[in-house]
Amino acid sequence: MFYFNGKEEITLDSDNIPKHIAIIMDGNGRWAKKRLLPRKAGHKAGADALEGIIDACKKIGVKHLTVYAFSTENWKRSQEEIDGIMDLLRSYVKKYTERAKKDDVKMDAIGDITRLDLDIQESIKNLTEATKDKDTLNLHIALNYGGRDEIRRCVKKICEDVESGKILSSDIDESIISKNLDTSDIPDPELVIRTSGEERISNFLLWQIAYSEFYFSDKLWPDFKEEDLFEAVYKYQNRNRRFGGR
Ligand code: FPP
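Calculation rules
Residues numbered from 1 in each chain as written. Predicted model: local features only at pLDDT ≥ 70, side-chain atom pairs only at ≥ 80, totals over all residues. Heavy atoms only, no water. Near = heavy atom within 4 Å. Polar contact = N/O pair within 3.5 Å; in protein donor to acceptor, adjacent residues only side chain to side chain. Areas by Shrake-Rupley, 256 points an atom, 1.4 Å probe, with all protein chains shown as cover. 1 Å grid on protein atoms, 1.4 Å probe; cavity = no way out; pocket = protein on both sides within 12 Å on 5 of 7 lines; lining within 4 Å. Sits in = over half its atoms within 2 Å of the grid points. Helix = DSSP H or I, 4+ residues; strand = E, 2+ residues; numbered from the N terminus. Nonpolar A, V, L, I, M, F, W, Y, C, P; charged D, E, K, R; others polar. UniProt positions renumbered as here; feature names shortened; annotations may be inferred. Buried < 20%, exposed > 50% of the residue type's maximum accessible area, 1.4 Å probe, protein only. Core = buried A, V, L, I, M, F, W, Y, C linked by side-chain atoms within 4.5 Å. Contact = heavy atoms within 4.5 Å. Points joined across faces, edges and corners; volume = space filled by probe spheres on them.

It is worth spelling out the site of the ligand at this point. Residues in contact with the ligand amount to 17 residues; listed here are only the nearest, Asp 26, Gly 29, Arg 30, Arg 39 and Arg 77. A distance of 3.4 Å separates an oxygen atom of the ligand from a polar atom in the backbone of Gly 27. The backbone of Asn 28 places a nitrogen or oxygen atom 3.2 Å from an oxygen atom of the ligand. In isolation the ligand exposes 620 Å². Once the protein is present, 91% of that is buried. Given that more than half its atoms are within 2 Å of the pocket grid, the ligand belongs to the largest pocket. Elements supplying a minimum of two residues to the shell around the ligand: α1 (28–34), α2 (39–60) and α3 (79–103). The residue inventory of the shell around the ligand, partitioned by class, reads six nonpolar, six polar and five charged.

It is worth spelling out the UniProt feature "binding site: Mg(2+)" (unreviewed entry) in the protein at this point. Listed under "binding site: Mg(2+)" (unreviewed entry) in the UniProt record, and renumbered for this structure, are Asp 26 and Glu 213. Filtering the just-named annotated residues for those lining the largest pocket gives Asp 26. By the element assignment, Asp 26 lies in the loop between β3 (20–24) and α1. Judged by its relative accessible area of 17%, Asp 26 falls in the buried class.

If you look at the biggest cluster of nonpolar residues, it comprises 49 residues, and the most contacted ones within it are Ile 21, Ile 23, Ile 54, Leu 65, Ile 193 and Leu 229. Here Ile 21 is in contact with Val 62, His 64, Leu 65, Thr 66, Leu 191, Ile 193, Leu 229 and Val 233, once residues within four sequence places are set aside. If you look at the next biggest cluster of nonpolar residues, it comprises 10 residues, including Ile 110, Tyr 145, Val 192 and Ile 209.

To continue, consider the layout of surface pockets. Empty space within the largest pocket amounts to approximately 620 Å³. Lining the largest pocket are 26 residues, and of these Met 25, Asn 28, Tyr 68, Ala 69 and Asn 74 sit closest to its centre. Mapped onto the lining of the largest pocket, the elements with two or more residues apiece are α1, α2, β4 (64–71) and α3. Top element by residues in the lining of the largest pocket is α2. It accounts for five residues. When grouped by side-chain class, the residues that make up the lining of the largest pocket number 12 nonpolar, eight polar and six charged. Estimates place the volume of the second largest pocket at around 250 Å³. Lining the second largest pocket are 15 residues, with Asp 108, Ala 109, His 140, Asp 182 and Ile 186 sitting closest to its centre. Among the elements of the structure, β5 (105–110) and β6 (137–145) are those that each provide at least two residues to the lining of the second largest pocket. Examining the composition of the lining of the second largest pocket, we find that four residues originate from one element, β5, more than from any other. Grouping the constituent residues of the lining of the second largest pocket by class yields four nonpolar, seven polar and four charged.

Put into structure tokens, the structure is as follows:
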């Protein structure tokens, strides 16, 4: 697999493609501001950019893509902006259902979606059901997601299982915790990407990123294109992952 990085042709090692890439899609607001557009237009451009990155992931054989679309902290934004993102999500989920089926993309949500409007919850369920047999790429959209909230919900479930006698507290090991997270069937991400020059994790996948590699891009999310994703994978491939060993 080749791509052009602006200077030279780069070859990606097809045997070392991350199985799971997680992305913090940051910078939509600044992208809109630079163009004197409302923030909502930035989020719309962000949703369009996501479509390009889905295609790029499929091209190189990434199996799981998790994107941070709405965090538990994003409720602090103005009602106008929240409504804008929710409207976008509504139309995106509807519009994307047919395309996902055609493109062989399996989609679901992570996070506590019970706080979203009922019609959105319903269309997410439909989308998950309609694409459940698809196999090329698994797209996980993080909605009302926070790593700490996910761990809190996980602890609650495990306590309930202990109280009901389903498991003993002495049974609790790392795999029981992993299984009770929203990402129970998803391998941990090998690569986490954040755009827009910010270098923070912002409550994203706190348990799952224990051994992830990080790639920070100065590009604003709507400007992040296929070649930027390939560049991130190339940088990942040239790192030496030791998992605490030598
Ligand atoms: C961060 O940019 C982005 C978000 C909080 C929302 C992400 C949403 C999308 C990419 C579009 C919707 C997604 C789907 C799946 C429909 P920011 O607003 O924090 O940007 P800023 O830091 O420049 O203000």
